[in-house]
Structures are given as C-alpha cells and as structure tokens.
Amino acid sequence: MVKRLSLMFTLALFVAMMLVMSIPTSIVAQEAEAEPTPIVGEFGGGETKISYWNGLTGSDGVTMNEMLAQFAMENPEFEVTSEIIPWNTLYAKLQAAFVANQPPDLVLMHASEVPQFASFGVVMDLGPWYTSGGGWFDETDISEITYSGMQYQGVTYGLPLDNHGRGLWINTDMFDAAGIDTDPSTAPDNYEDWVSLLQALTLDVNGNNAADPDFDSENVAQWGYVVGEWPRVNFLSALAQHGGEMVSADEQITVNSDAGIAALQQAVDLVYEYNVSPPPAGFDTWQGFASGSVAVIPTGTWFRNFAVDQTDINGMAWPQVQFGEQPGTWFGIHTFLLPASSTPEKAAAVETLLKWISANQVTWAGSGQVPALLSAQAALDPVNYPSNILLGQTFSDYGVLDYQSTAVQEMYAALDPELDAALNNLKSVEDALNDAAERMQQVLDRAM
Amino acid sequence: MSANQRARLTAASRFSISLKTREILAAYTFLAPFMVFFLIFVVRAVVEAVRMSFYDWHILRPSRPYIGIENYIELINDNVWWIALQNTIVFTALTVVGTTIVALAAAVAVTRPIRGQNFFRVLLYTPSLLSVGAVGLIWVWLLNTQFGIVNYGLSFVGARPVNWLGDPGLVIPSLSLTSIWWGFGFPMLIFIAGLQGIPEQLYEAARIDGGSSADLFWHITLPLLRPTILFVTVTGVISHFQVYGQPFIMTNGGPGRSSYSLIFYLYQIAWTAFRMGYGAAVAVCIAVIMAALTSVQFLVLSRRIEY
C-alpha cells in the first residue's frame, strides 16, 4: 500500500512538472516567427572600431541594428560592435566600466541620466559639435526642451536621437462597437468625459458596460483602461495636467501637493470607483491589449511595432489622456554620450557615426520613436508614421521631461512603490504620497 | 641506555618531528591555493565592505567622506529595510520548511524500490538545473491572473481567479512555492544519501517488533536523518535569505513593497542609487543576521544529533 502511494506521489509530481515545463515550449511555439534581436551585433569589418552600448531591447533595437548595418555598408572602414543591455543593467554596468576605465566608445542613454554621469565628470562635453560651438549639429533643429535635456550646469553633454513618450493606443474595433469616434481630435479633454468614454468601453461577461446599473464588476470581460502600465509616467503626466510638479522651485518635493493627490486619486478611482481598470498587480497590460481584453492602453511611441507586428488588434495611437485642466504628457530623450576619456581619433570616429545617424533620423522613426530633429519630424510620411507625428507633436506642445537631478533615479525608486501601493489599494493616496515625498526629500537633500 | 640506543632514539625523535612538520607543511601546501583565493576574494572583500560601510561612498564620485556609523543609524531608521527584513524572514521560513518537507517526501518516494527509480530521481532534480530567469518567467505565466494555468485549473472547481502575485498576502507564499519547486532537487539528493546511510537492520528489527511504516519513519528514519536535516536547513536558510532573482523577475518587489527582499533592496541601493557605502552597511547587517540565524539553528537542531 505504502509502495503504491509512493509511486502515485512520484507520478503526480512527474505529471505536475511536465505540465509546468510544457508552458515555455508552447510560448516559444507561439512566438516562433518573431526574429530575436542580437544582443551583441557586429557590423562591418573595417579597421576603425567603435564599441556602442544601448538599452534598445525592444523592436527599436532591430531598427538600430539595421541602421548600423547600413552605416557599415556605406562606410567600410568602420566596424561597429553594438551591445544591447536592459537599461537598468546598462547604467549599473556603465558605472563599473567607468571605474575600470573601460567604457564603450559610445553609449545611448536617457536624458534623465545625463546629470548623474555629467556630475561624475566621466562624459565628454559635446558643445563643440553643436552649431553654436562651431560644429555640425543644429540646435535650432531640436525643440528647446530637448536641447535643455542635453545639458547639465550649462554644458552640453548629449546628442539627441529621439523623443519617446506617453500616448495611448486604442483598439479601434472596440471603439466602433461602442459607437465612439476614433478620430484623435475627438478625444475628451476632461476627467468626467474620459470616465464616460472608458465606462462605455468596459464590459462585463454579460455585455453590460460599466455605466450600466447591472454591470458585474466581479466578472469583467473587457477593460476600458489599465492604470498599471508604468504608473510613474502616468502620474507625472497627470501631475503636470493639474499644474503640479515633482520638485518645486525651492527644491521641495511636491508630489503630495493638492495637484499630486488629485492626479493619483483620479487614477485610483478609475479602478475602485468607476471599475474601468483592473488593479495593477498581476495584470499584464501589453498581453491584455494584445489578447483583446483592453480597449485603451496608456503606453508610448515604442508600442508601435509591437501593436503592428505582434498583435492582431486593429489599433491606432491617441494622445495622452487629459484628466487635469491642461494637457500634459511625459516624454524622454534617447541621447548619445561619449566618455570623457575618448581619444581624439576615437571621438572623431564616433562623430562620423553620429553624423550619419543624425542624417538618417527619418529611418529611426521606423522604431516607433519620434526623431529628435524637427526637420526629420517634418519629413515623416503621415501614412506610414501617423503615431510618430501625432505623439511627437504632443511632446513638442506640452511634453514634460524628467526632473533634472543627479539623484532622479533614486527619487523614482522611492516614488514607484508608493504609487503601486496606492493603485493596489494598500495605502490611501495621501499616505502613499506623503511617504513618497518624505523619502524623496531625503534623497534630494542628500544630492544637493 | 647505550650510546647506540640513545643515538637511535634521537634519530627516531628527529624523524618523528620531521614527519610531523612534513605533515603540517603538506596540509598547508594543499590548503594554500584555496587560502590565497579565499584571502584575496573573500576576506579582503569582506574587510573592504565593512570599511566601505563607514563612508559616504558613491562608485564614481571622487570624494568619499568618512561618516562613521551614520549609514548604520540611517539603516535602523529606514522603514524599507524593516519591511524587506520581515518579507525575507517570512519567505525564508516558508521556503526552508517547504523545501525540506517536499525534498524529504520525494527522497523517501524515490528510495523505495519502484520501477524507473533512477528516471524519477533525475526527473525530480531537473528543475534545479534551470536558471532563476527561466523559473521566474515560467511561474509568472503559471500564476498569471488572466491567462495562468493555475487559475484556469481552479476555475473547474468554481474558484474565482486568484491574484497570486498581486495580493500582498499571497505574493510571498507564491514566490516561496516557486522557489520550493525550483530548489527541492538538491536537498532531495542529500536526503537520498542520508536515507541510504541508515542501516537496514534497524528497520528489520523494528518490523520484527511489530513497527508500522509510520513508526519506522518517525522513530528510525527521522531521528537518524537529523544531521542531514540540519545540513539542509542551514544551507537552505543561507541560500533563501539571499533571495533576489524571484522578486526581481516575478514582482519587481510589489505590490507596493510587499515582496521586497533584503538583497533586492540592497541591489536598489547599490546599483540604482549607486550608494555603495549604505549598500555595504546593508550587506554587513545581512551577513550578521545570517550568521546569527545559522548559530541558532546549530544550537537548536544539533542538540540531539547522532552522527
């Protein structure tokens, strides 16, 4: 009897394990057609070698590698080794590389990182490359806010590649079914109208929408919205819409201001008051959209190729939601930096590559991102690049950059869990933002 | 004693001292390669970490002022540290107990003379061969609220979808479950070795005395496995107290900070904020806690051990 029980136990374990191990196989099988982006790509075979690190782990990495291959073909004297590293790991690895005095010849990073690396004195002053410094890169061909993101304490350290930021992606079939116009110019400009729109798009298993008295909030088949998609940038956008800012002019953290509380409370209410969004924890937003269970996903320019290549959803870009009195949307800048230790020969080689990339920024729009050069933005074909044009315009018109500080990432590390706690109903909005503000203030004070 | 005898004795004692010295020298020679690496890569690193914890040490900042015990004072007042410590203790307790029970049960099962015994041993060990990245991604999918096979299975018995990784009360047990599945293979092997070391005569004698299978397990197997259990639990505590990959991949520490672990927090401090000095203070405290926990385990579990 015991022997039989043992055998049954073992077999049960065996079956359970086989079931578990079959899952990744099926995932791989579903995605068999997707072409993986090489983590390390070598382009060309020339004698002038350039090592280049970036964090373009999505489909934008594919576009970048295609551009590098084209550059190497047109410039056979070069060999570019591109290494794609997830952003957080890249920043950590970069610090170690600088300490070891073995940084790459070129690195792509976010403008929000410029103050930190610039303050350490490890990146090169690129001012002479700009026309104001006698160089070739026309700073009047980028927006003022983009130019400001390249600088730290009056010195220009970065050369911008793109603007990438917040917008929406909508499922047009769901809009049509709900009788909602998909024209982006008809997007609501206040919270109440947005709630009505999202309620119309949220359906329970019986087909009732979230405004219907018979709506079954425990059995939702289709969500109108998802608050869990990168809550921080949603919050920063909404904060700006309410006239708030993360840090005041006298360097006080103000995420817990009235504007901040209103911004976060509105997001929380979308989950627990209006039932148009699931709580963030445990909900996969991208797969939710891809599987047709989410009507509107707040995402960004980077979503374009995923939406086109990896879903069967009929979708299109919309501008960022406007919950406050004024429009506002977060955006970031991918920017090239060189190590301060570059030799003149190496810097000249990298300059050649960057001249080529800057001259081909329209090609970069194929990644979904918005070229940094205004002339490249103007040259985009509206048929092929509607999301780049639409969202790019919003960044220029009312975009909000990250706060420029050497400790901004540490401040975000304090803010993110508190936003998550509030959105998952683990803390009140006030408590979450007060706790975040206290911790962020400590970080900011330390960084001063 | 004749002169010859004295001479032989002296020579013998000389030989005896010489032999002892040679043995000592041989021992140190064998130890030397390990000791060199241990001193350079462990002891020196530990000493350096302790020293670093007394400085405001940013990895790239040229100035690194000495700040005494300020990092430790900050740590005591850091509520995230206490949250992470509590999470880590709960995770470690659940995982060590779960792993020990599952590994022991599996070892007992595959020690029985069943058909395909070796096949099952290999199979049950297989999850241990996976990387934490693969395990994390597999279990994120299994436990997914929307598409996960676990919730799908529960739906057949009428259960509502469970938010395994999103519910603050369930997230640590879910991470623990993942870790048990991933990690029980190695302790299972240790238990198999332990079980094979128990003399068969003890079981035969007990059976002759009318002992049931349960009696045999509780009164022979378990007491004689105490050294093995001590080893498995001590190494388990050391290993699981340093959990990092599972929360990093599966929950990113959330919801809120419900699954922050100590090493996860240490990584954030050291490699997101680049505060190496404060990170070193956290690391020193983690090491002290682990040493204390291990000592307590030895004290409690080694009292009635029969080797």
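What counts, and where the lines are drawn
Residues numbered from 1 in each chain as written. Chains lettered and ligands numbered in written order. Predicted model: local features only at pLDDT ≥ 70, side-chain atom pairs only at ≥ 80, totals over all residues. Helix = DSSP H or I, 4+ residues; strand = E, 2+ residues; numbered from the N terminus. Rg over C-alpha atoms; globule rule 2.2 N^0.38 Å. Contact = placed C-beta atoms within 7 Å. Buried ≥ 20, exposed ≤ 12 C-beta atoms within 10 Å, placed from the backbone. Nonpolar A, V, L, I, M, F, W, Y, C, P; charged D, E, K, R; others polar. pLDDT = per-residue confidence, 0-100. Expected span 1.5 Å × (residues − 1). Axes fitted to C-alpha atoms, helices over the stretch in contact; angles between N-to-C directions. Domains from an automatic or database assignment. Pairing = 2+ DSSP bridges.

Chemist: Account for the overall build of chain B, naming residues and giving values.
Modeler: A tally of helices and strands in chain B yields 14 helices and 0 strands. When the helices and strands of chain B are placed in sequence order, the string is α-α-α-α-α-α-α-α-α-α-α-α-α-α. Expected size for 307 residues packed as a compact globule is a radius of gyration near 19 Å; at 26 Å, chain B overshoots this value by more than 25%. For chain B, the spread of C-alpha atoms along the three principal axes comes to 95 × 75 × 30 Å. The contacts in chain B between residues at least 6 apart in sequence include a share of 71% that link residues at least 24 apart.

Chemist: How would you sum up the overall build of chain A? Please name residues and give values.
Modeler: Of regular secondary structure, chain A possesses 17 helices and 14 strands. By the compact-globule yardstick of 22 Å for 448 residues, chain A fits well, its C-alpha radius of gyration being 24 Å. Its C-alpha atoms put chain A at 70 × 65 × 50 Å along the principal axes. The buried share of chain A, reckoned over its 448 residues, is 50%. Pairs at least 24 apart in sequence give 75% of the contacts found in chain A among residues at least 6 apart.

Chemist: Talk me through the interface of chain B and chain A; I want residue IDs and the actual numbers.
Modeler: Opposite the 37 residues of chain B that make contact, chain A presents 36 residues. Elements represented by at least two residues in the side of chain B that touches chain A include exactly helix 3 (79-111), helix 4 (117-125), helix 5 (132-142) and helix 13 (262-272) of chain B. Here the residues of the side of chain B that touches chain A are counted per class, giving 23 nonpolar, 11 polar and 3 charged.

Chemist: Can you break down the confidence of the model for chain B residue by residue, with the values?
Modeler: Note: predicted coordinates in regions of low pLDDT should not be interpreted at a detailed level. With 93% of its residues at a pLDDT of at least 70, chain B reaches an overall mean of 90. Scoring the predicted complex yields pTM 0.84 and, for the interface, ipTM 0.81.

Chemist: Give a detailed account of the environment of Ala205 of chain B, specifying residues and quantitative values.
Modeler: Within the fold, Ala205 of chain B resides in helix 9 (residues 200-208). Expressed as a C-alpha distance, the spacing of Ala205 of chain B and Pro65 of chain B, which sit 140 residues apart in the sequence, is 70 Å.

Chemist: Report on helix 17 (residues 429-447) of chain A, specifying residues and quantitative values.
Modeler: Note: α-helices contain 3.6 residues per turn, so residues at a spacing of three or four share the same orientation. The end-to-end C-alpha distance of helix 17 of chain A is 26 Å, a good match for the 27 Å that 19 residues give at a rise of 1.5 Å each. Structurally, helix 17 of chain A contributes buried residues whose contacts are with helix 9 (258-272) and helix 16 (408-423) of chain A.

Chemist: Outline the packing of helix 3 of chain B against helix 13 of chain B, listing residues and values.
Modeler: All names here are of chain B. Here helix 3 crosses helix 13 at 145°, and the two axes come no closer than 8 Å. When helix 3 is examined against helix 13, the residues Val80, Trp81, Ala84, Leu85 and Thr88 are found in contact with a partner set consisting of Leu262, Phe264 and Tyr265. Class assignment of the residues belonging to the contact of helix 3 with helix 13 gives a composition of 7 nonpolar, 1 polar and no charged.

Chemist: Which residues make up the domain arrangement of chain A, and what are the values?
Modeler: All names here are of chain A. Along its sequence, chain A is organised into domain 1 (40-165 + 331-400) and domain 2 (166-330 + 405-447). If you look at the interface, domain 1 gives 24 residues, while domain 2 gives 24 residues. If you tally residues by element for the side of domain 1 that touches domain 2, the top one is helix 15 (residues 386-398), at 8 residues. Counted by class, the side of domain 1 that touches domain 2 contains 9 nonpolar, 14 polar and 1 charged residues.

Chemist: Give a description of the pairing of strand 12 (residues 329-337) of chain A that names residues and reports values.
Modeler: All names here are of chain A. Counted residue by residue, strand 12 has 9 buried out of 9 residues, so it is predominantly covered. Residues Thr329, Phe331, Ile333, Thr335 and Leu337 line one face of strand 12 and the alternating positions Trp330, Gly332, His334 and Phe336 line the opposite face, and both faces are buried. In terms of strand pairing, strand 4 (residues 106-110) meets strand 12 through 4 bridges, oriented antiparallel. In the sheet register, Leu108 faces strand 12, and the bridge partner there is Phe336. Pairing of strand 7 (residues 159-171) with strand 12, which is carried by 6 bridges, proceeds in the antiparallel orientation.

Chemist: Describe the environment of Ala97 of chain A, and please don't skip the residues or the numbers.
Modeler: All names here are of chain A. Mapped onto the secondary structure, Ala97 falls in helix 3 (residues 87-99). Residue class for Ala97 comes out partly exposed when judged on the 17 C-beta atoms lying within 10 Å of it. The residues contacting Ala97, other than those within four sequence positions of it, are Gln102 and Pro103.

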